[in-house]
Amino acid sequence: MSDAVPTLELSRCEACHHRYVPTDGPCPKCGAARAQPYPVPDAGRVVAVTELAYPAPGWPAPHRLALLEVADGVRLLGVIDGPAPPVGAPVRVRLDGATYRVRADEASPSERGEGESPRARRRGPSFEPPR
Ligand SMILES: [Zn+2]
């Protein structure tokens with residue numbers, strides 16, 4: 001299916017409906033073992049970026065990591081391919097083995113019809129601490 005729209009796979013817990021990655025293992029919120037995988041678009045937005053000047057042996061230096069928010073408010077950590085995007089930037093993400101790889105989304109906001117959305121202007125994280 002070479003013409004398939006690129007997607008990510010998330011998990012929806014069957015017990016508490018929490019949505020998360022990875023798609024295997026128990027629900028991180030309630031511990032239930034059963035979850036349904038479901039596809040979402042491969043688009044995300046940068047929440048935070050960091051750069052490791054001295055990464056583990058065998059990793060490229062500098063090694064850039066981004067915390068992303070993808071569909072349904074799910075957050076994941078990915079390795080950045082290329083220059084580090086700014087916080088709030090739209091990105092594409094794909095799963096490469098067990099690693100999420102992140103690259104800048106080439107389409108400008110106007111091309112996607114997004115413009116100045118409240119989401120793009122948001123500065124602080126919407127992180128909810130666990131209860
Ligand atoms: Zn759950």
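Read on for an overview of the structure. (Residues numbered from 1 in each chain as written. Predicted model: local features only at pLDDT ≥ 70, side-chain atom pairs only at ≥ 80, totals over all residues. Heavy atoms only, no water.)

Once that is clear, we can look at the sheet that holds strand β1 (residues 7–13). Read across the sheet, 3 strands follow the order β2-β1-β3 without closing on themselves; strand pairing throughout is antiparallel. Two strands lie at the open edges of the sheet, namely β2 (19–20) and β3 (35–41), each paired on one side alone. Bridging between β1 and β2 involves 2 bridges; their strand directions are antiparallel. If you follow R12 over to β2, its bridge partner there is R19. (Pairing = 2+ DSSP bridges. Helix = DSSP H or I, 4+ residues; strand = E, 2+ residues; numbered from the N terminus.)

Surrounding the zinc ion are the protein donor atoms C13 (SG), C16 (SG), C27 (SG) and C30 (SG), at 2.3 to 2.4 Å. One can describe the site at the zinc ion as tetrahedral: its 4 donor atoms subtend angles covering 104 to 114 degrees at the metal. Written as a sequence motif, the donor residues of the zinc ion are C-x2-C-x10-C-x2-C. Of this pair, C16 sits in the loop between β1 and β2 while C30 sits in the loop between β2 and β3, placing them 14 residues apart in sequence. Judged by relative accessible area, which is 42%, C30 ranks as partly exposed. (Donors = N, O, S within 2.8 Å, 3.2 Å for Na, K, Ca; no water. Tetrahedral: all angles 85-135°; square planar, octahedral: opposite > 155°, others 65-115°. Buried < 20%, exposed > 50% of the residue type's maximum accessible area, 1.4 Å probe, protein only.)

The next subject is the sheet that holds strand β7 (residues 90–96). In space, the 5 strands of this closed barrel follow the order β4-β5-β6-β8-β7, with mixed pairing throughout. Each strand of the sheet is rotated relative to its neighbour by a mean of 50 degrees, with strand direction disregarded. Sheet analysis places β7 next to strand β8 (residues 99–104), joined by 6 bridges and oriented antiparallel. In the sheet register, R94 faces β8, and the bridge partner there is R101. (Axes fitted to C-alpha atoms, helices over the stretch in contact; angles between N-to-C directions.)

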